[in-house]
Amino acid sequence: MATSNPAFVPDGTPADYDPKTRPKKLPLTGAGFPPKPPDYSPAATMTTEKKQPPRDKWGKDIEFLLSCIALSVGLGNVWRFPFTALENGGGAFVIPYLIVLLLVGRPIYYLEMLIGQFSSRGCIDVYDASPAMRGIGYGQTYSTFIVMTYYASLMGVTMRYLVASFGDPLPWSECKDSWNATCIDSRLAVNMVEGDNATKVSSAELYFVNDVLKEADSIDDGIGSPDWRLVLCLLIPWTCICLTLVKGIKSSGKVAYFLAIFPYVVMLVLLIRACTLEGAGAGMLYFIKPQWDRIFEAKVWYAAVTQVFFSLTVCFGNVIMYSSYNRFSNNVYRDVTIVSIMDTCTSMLAGLIVFGVIGHLAHVTDAPDLSKVVRGGAGLAFITYPDAIAKFQFWPQFFAVAFFLMLFVLGIGSNVGMATTIMTVVRDRFPHLKPSLVAFVIAIIGFSIGIIYTTPGGQYLLDFLDFYGASFVALVLAVFEMITFAWIYGVGRICRDIEFMLGIQTGLYWRVCWGFVTPVMLAAILIYHVATYKALTFNGYVYTNGMYAFGWCVFAAGVLQLPAWALYAVLKRKEATWQDRIASCFKPTHDWGPEDPELNAKYHESVYKYEQTLPAGRSLGRKMLDNVFH
């Protein structure tokens, strides 16, 4: 074996490395390294064949922070959080959600920010830290693509409402004879109907179901034809996303000033209005008062975990992607604290608004059960918020336009982040492709798939794919993501990387969460969820066996990325024995670390020096404890 300045082939092995002549007892550091590389210069630690063009960077640190706020504080809070809370008992859901946020959400968010910034790699290349686990990145990209397509369809519905908001009166504020249902005008501020009103439905809900979605009673006979108005409305968000992608990451940072700040102004106005509605207090109390008997239900904890994933947008690759464009020394600890606090406050704010309106609707309809006042599911935000706006006595059109513009802005912020993740994956693989071409192809494919959600059966498919293609896949891959970085790569090494990058010590809270609490909680919730699995339904509709088979295929296409890419990583290795091949696939590649060649060389030297201090013959238990506490 050569002893100075070896050249490297693309898989990271020295070019003159012969596995047949390597001594069998020679210890490895990284992918095929001898115990001490003789040269820590950039030429010896960076692979020239694999070298990517310099990565774009955010214009300012504040643009990264605001972009993270726009990404994480979005539809997951205003649209998904309220209906998830409604389906899981209001206060019975909030307590597990806050616990999961503290012990799972924040640790994963901080971890993903750190790994992305430290390596300047996207959500797939970041698994150079353990190449056998690269399939996690591909699976998360797959889930991100599914979420991106149906999020954009929700933006189409939002645009439909935005256009309708200019009408006088608001089209959802009054009942229509064509609906053929027992209806209550949403514009009514008090109960003005006599008799048993428990079966009455608000005009806002009937407008959403009958006029906007034209929703079918089932999809047994197919999903129907797309609604041309929703198709046109779907074209608008994809045009905005495409234009933002073409301009690049710096353009996203400039747009984030508006995307992150404007929504809070509108939400505060809606909260004030919700608080003035009669009966709103009962709804808000239902939202914040724990139902202790339901807190121990496994499905509530599963809902809390998946909601944290959607709220903070962790375990989808988006946070890793955004932080990979950071400058190396950016203080992500500060950013994590700010984003997680704002994310929680936004979810609670949205919950108070929605449940305040639900409480008012319960008062109007004399309904004894708050959980059955309005239909749950994805459409909740398009029922309760419009219903609240319809009760505004002064210029309701203005507030309707402001709200749906806000919802559109939130959705665009989330969608731009997800689309940028897809674009980063493509551009990292094919850097010669023009950004405009990649952006255009992503928009065309996303728009084409999104058309299925504009059909009468679109909401059935949205709920279905959200479960099998996004939530379930994200939870499974989240478990393996934590195993990869906490146990394979190692909490101890992560903490030393943080000190190398930011010059700060990592506290016991983060170490314990990364090493034990977070992976164990995720694994326990996943196992219990699988053990108590029940077939998914949508508003009482039971899908056909063929649909369930399709759902499991969608799930498998995401999860099986992990073993498929692990097998590929093993097969392309060149070590003499299978044991050595497998072992090397779980160790960082030789060029893992900072993007800058000089920093990368210093980093590898520091890793080697630390490894020389480790005592030999440690037990597995001792290694795990040292991994967390040293």
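Residues numbered from 1 in each chain as written. Predicted model: local features only at pLDDT ≥ 70, side-chain atom pairs only at ≥ 80, totals over all residues. Heavy atoms only, no water.

1. Re the packing of aromatic side chains
Okay, step 1: Tallied over the entire structure, the rule returns 49 aromatic pairs.
Okay, step 2: A ring pair is formed by Phe118 and Phe328, whose centres lie 5.9 Å apart and whose planes are at 40°; its orientation type is tilted. One end of the pair, Phe118, is in helix 4 (residues 91-119); the other, Phe328, is in the loop between helix 11 (318-323) and helix 12 (332-365), and 210 residues separate them in sequence.
Okay, step 3: Given a relative accessible area of 2%, Phe118 falls into the buried group.
Okay, step 4: Since its relative accessible area comes to 18%, Phe328 is described here as buried.
Okay, step 5: With a centroid separation of 5.3 Å and an interplanar angle of 80°, the aromatic rings of Phe398 and Phe399 are classed as edge-to-face.
Okay, step 6: Look at Phe398 and you get partly exposed, because its relative accessible area is 42%.
Okay, step 7: Geometry around Tyr610 places Arg496 over its ring, the cationic atom sitting 3.6 Å from the centre.
Okay, step 8: Its end group placed over the ring of Trp578, Arg581 keeps NZ or CZ at 4.7 Å from the ring centre. (Phe/Tyr/Trp six-rings, centres within 6.5 Å; stacked < 30°, edge-to-face > 60°. Helix = DSSP H or I, 4+ residues; strand = E, 2+ residues; numbered from the N terminus. Buried < 20%, exposed > 50% of the residue type's maximum accessible area, 1.4 Å probe, protein only. Lys NZ or Arg CZ within 6 Å of the ring centre and 35° of its normal.)

2. Brief notes about unusual backbone geometry
Okay, step 1: Residue Pro169 is bonded to the preceding Asp168 through a cis peptide linkage, with omega at 0°.
Okay, step 2: Structurally, Pro169 can be placed in the loop between helix 5 (135-164) and strand 1 (183-184).
Okay, step 3: For Ser120, which is not a glycine, the phi torsion comes out positive at approximately 55°.
Okay, step 4: In this fold, Ser120 is placed in the loop between helix 4 and helix 5.
Okay, step 5: Here Ser120 falls in the buried class, since its relative accessible area comes to 9%.
Okay, step 6: The phi dihedral of Lys214 falls on the positive side, at around 50°, and the residue is not glycine.
Okay, step 7: Tracing the sequence through the fold places Lys214 in the loop between helix 6 (203-213) and helix 7 (228-247).

3. Let's talk about the confidence of the model for the chain
Predicted coordinates in regions of low pLDDT should not be interpreted in detail.
Okay, step 1: Scored by pLDDT, the chain has a mean of 81; 83% of the residues are at 70 or more.
Okay, step 2: Predicted confidence for residues 1-38 stays below pLDDT 50, and this span has 60 contacts to residues more than four positions away or in other chains.
Okay, step 3: Throughout residues 191-198 the model reports pLDDT below 50, and contacts reaching past four residues in sequence, or to other chains, amount to eleven contacts. (pLDDT = per-residue confidence, 0-100. Contact = heavy atoms within 4.5 Å.)

4. Some thoughts on the nonpolar core
Okay, step 1: Grouped together as the largest cluster of nonpolar side chains are 179 residues, with contacts concentrated most on Tyr150, Trp172, Phe309, Trp514, Leu522 and Tyr543.
Okay, step 2: Here this core gets 26 residues from one element, more than from any other, and that element is helix 16 (residues 458-502). (Core = buried A, V, L, I, M, F, W, Y, C linked by side-chain atoms within 4.5 Å.)

5. Some details on a nonpolar patch on the surface
Okay, step 1: On the surface, a cluster of nonpolar side chains totalling about 490 Å² of accessible area is made up of Leu437, Phe440, Val441, Ile444, Ile445 and Ile449.
Okay, step 2: Turning to its location among the elements, Ile449 is positioned in helix 15 (residues 435-450).
Okay, step 3: The exposure class of Ile449 is partly exposed, given its relative accessible area of 31%. (Patch = residues over 30% accessible without salt bridge, like charges linked within 9 Å, V, L, I, M, F, W, Y side chains within 5 Å. Areas by Shrake-Rupley, 256 points an atom, 1.4 Å probe, with all protein chains shown as cover. Salt bridge = Lys/Arg side-chain N within 4 Å of Asp/Glu carboxyl O.)

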